[in-house]
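# Coordinate analysis (summary)
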Amino acid sequence: MSVDAAATIVPHVPWIVAGGLALGGAAIFGWIHTTRLRIQNGYPLDGAWGQALKPSSDNETKQRVALLTQENAELRAELGSIKDRLANVERIVTDGGYTLSSEIDALRERALEHRSDEGNA
């Protein structure tokens, strides 16, 4: 490396070092935050290679899995009924006989007729 190249890089070394330290600090903070959220919400902790650090198979965990499975089934059933209702709404809206604009125009004409009747009374 020539003297000119080194002279252009040297003023930027503190920024490069600070950027590396900031990136490393952000990674460590992210790891700590993720671990804290897992502990807070009851998820099992994983090791470096994904193995469980604390495999728990106690009665409370089994009950929790059963409740979550039941809730999942209920939510799937509700989602199915919502899909059916949405299909009905889509069928109504896309039906060729469904003329929303003509119905709105008919209501406007009826309202105008009603106003003209009020003026003659």
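Residues numbered from 1 in each chain as written. Predicted model: local features only at pLDDT ≥ 70, side-chain atom pairs only at ≥ 80, totals over all residues. Heavy atoms only, no water.

### Quick look at the overall build of the protein chain
Let me state the cut-off plainly: Counting from the N terminus, the helices are the DSSP runs of H or I reaching at least four residues and the strands are the DSSP runs of E reaching at least two. The classification of residues rests on relative accessible area computed with a 1.4 Å probe and restricted to protein chains. Under 20% of the type maximum is buried, over 50% is exposed, and intermediate values are partly exposed.
Looking only at helices and strands, the protein chain has four helices and zero strands in total. Reading the protein chain from its N terminus to its C terminus gives the helix and strand order α-α-α-α. Here the protein chain holds 121 residues, and the buried ones make up 1% of them.

### Some words on helix H2 (residues 13–41)
Residues separated by three or four positions in an α-helix point in the same direction, a consequence of the helix having 3.6 residues per turn. Quick reminder of the rule: What a helix should span is 1.5 Å times the count of its residues minus one.
Between its first and last C-alpha atoms H2 spans 42 Å; for 29 residues at 1.5 Å apiece the expected length is 42 Å, and the two agree. Downstream of H2 by one or two residues, Gly-42 has phi in the positive range, about 85 degrees.

### Thoughts on a nonpolar patch on the surface
Note the threshold: Here a patch means residues that are over 30% exposed by relative accessible area and free of salt bridges, tied together within 9 Å if like-charged and within 5 Å if nonpolar (Val, Leu, Ile, Met, Phe, Trp, Tyr). The method behind every accessible area is Shrake-Rupley, applied with a 1.4 Å probe, and residues are considered shielded solely by the protein chains displayed. Any carboxyl oxygen of Asp or Glu within 4 Å of a side-chain nitrogen of Lys or Arg constitutes a salt bridge here.
Where nonpolar side chains cluster on the molecular surface, the patch consists of Ile-9, Val-13, Val-17 and Leu-21 and spans about 350 Å² of accessible area. Structurally, Val-17 is set in helix H2. A relative accessible area of 47% means that Val-17 is categorised as partly exposed.

### Let's talk about the confidence of the model for the protein chain
Just so we agree on the cut-off: A residue's pLDDT is simply how confident the predictor is in it, with values from 0 to 100.
Taken over all residues, the pLDDT of the protein chain has a mean of 83, while the share at 70 or more is 86%. Model confidence for the protein chain, summarised as mean pLDDT per element, is weakest for helix H4 (residues 100–120) at 76 and strongest for H2 at 93.

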